[in-house]
Amino acid sequence: MPRVDLIQGDITVVEVDAVVNAANSSLLGGGGVDGAIHRNGGPSILEECQRIRREQHSEGLPTGRAVATTAGKLPARWVIHTVGPVYSATEDRSHLLASCHTESLRVADDLGAGSIAFPAISTGIYGYPLEAAADVALSTVTDSNTDVDLIMFVLFEERAMRVFEATLGRIQRVKGRTS
Ligand code: ADP
């Protein structure tokens, strides 16, 4: 099981090999984490995103998928862009949120990244309830087969930090009982 750490703060300043962006399918920037990454990382990230749109994903990056670019001026080496699901109260989209995490880790493995930082994907503009998102994100990464040694979740708000801490504690207690 990879080591999973939780910290509260801004994902754009974290020193890891790869930072995950909660992008939208256009890959052309947005608000929240996406806005902060492009603002602080500089224009080279957007240039690579535009090239990926032209060469690989002319219709946009599908929900649940992930692609990597340079991290520009960020301390990280790469940004892994993934598209979370918009929350729906009538349709279970948790498999798509889980896919964001497994696909990002697969891309990180392809890059040879030893450490990765995730934001709380889909819990901002996309409206996913924090408790449900924390459960999907943390159970997916703790179950994943990856060569990444350190998986960090960087939670912007105190409430998100509290929810992720409680959820990780519960998952680790259950795993401790069954392993
Ligand atoms: P989505 O569209 O997937 O919901 P958002 O970027 O709107 O993505 O929000 C995802 C989460 O990231 C929210 O919990 C938000 O509070 C948080 N967030 C916003 N800015 C940052 C940042 N600079 N670093 C880490 N997390 C952030």
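In case you missed it, the structure is sitting above this.
So, here is what we can say about the structure in this document. These numbers come from a predicted model, not from an experiment. (Residues numbered from 1 in each chain as written. Predicted model: local features only at pLDDT ≥ 70, side-chain atom pairs only at ≥ 80, totals over all residues. Heavy atoms only, no water.)

It is characteristic of soluble globular proteins that their nonpolar side chains tend to be buried jointly. Among the nonpolar cores identified, the biggest contains 36 residues, and Ile116, Phe118, Leu138, Ile151, Phe153 and Phe164 are the most heavily contacted of them. Mapped by element, the contributors of at least two residues to this core are β1 (3–8), β2 (18–23), β4 (78–83), α3 (94–111), β5 (115–118), α4 (130–142), β6 (150–155) and α5 (158–178). Sort the elements by how many residues they give to this core and α4 lands first, with seven residues. Membership of the second largest hydrophobic core comes to 21 residues, among which are Ala23, Leu27, Leu61 and Met152. (Core = buried A, V, L, I, M, F, W, Y, C linked by side-chain atoms within 4.5 Å. Buried < 20%, exposed > 50% of the residue type's maximum accessible area, 1.4 Å probe, protein only. Helix = DSSP H or I, 4+ residues; strand = E, 2+ residues; numbered from the N terminus.)

Let's shift gears to the site of the ligand. Among the 16 residues in the neighbourhood of the ligand, the closest are listed as Val33, Ser122, Thr123, Gly124 and Ile125. At 3.0 Å, a backbone N or O of Tyr126 approaches an oxygen atom of the ligand. For the ligand, the accessible surface in isolation is 560 Å², of which the surrounding protein chains cover 91%. Of the residues forming the shell around the ligand, the biggest block, three residues, is contributed by helix α1 (residues 32–41). (Near = heavy atom within 4 Å. Polar contact = N/O pair within 3.5 Å; in protein donor to acceptor, adjacent residues only side chain to side chain. Areas by Shrake-Rupley, 256 points an atom, 1.4 Å probe, with all protein chains shown as cover.)

It is worth spelling out the packing of α1 against helix α2 (residues 43–55) at this point. To characterise two packed helices, one gives the angle between the axes of the helices and the distance between these axes. Running from N to C, α1 and α2 cross one another at 115°; their axes reach a closest spacing of 6 Å. Two secondary-structure elements touch here, α1 through Ile37, His38 and Gly41 and α2 through Pro43, Ser44, Ile45, Leu46 and Cys49. (Axes fitted to C-alpha atoms, helices over the stretch in contact; angles between N-to-C directions. Contact = heavy atoms within 4.5 Å.)

This part takes up the packing of aromatic side chains. A complete count under the given rule lists three aromatic pairs for this structure. Ring geometry for Tyr87 against Tyr128: centres 5.0 Å apart, planes inclined by 70°, an arrangement best described as edge-to-face. Of this pair, Tyr87 sits in the loop between β4 and α3 while Tyr128 sits in the loop between β5 and α4; the two residues are 41 residues apart in sequence, bridging distant segments of the chain. The interplanar angle of 40° and the centroid separation of 5.5 Å between the aromatic rings of Phe153 and Phe164 together place this pair among those described as tilted. Remark: Phe164 occurs in helix α5 and Phe153 occurs in strand β6; sequence separation between them is 11 residues. Each member of the pair, Phe153 together with Phe164, is buried. (Phe/Tyr/Trp six-rings, centres within 6.5 Å; stacked < 30°, edge-to-face > 60°.)

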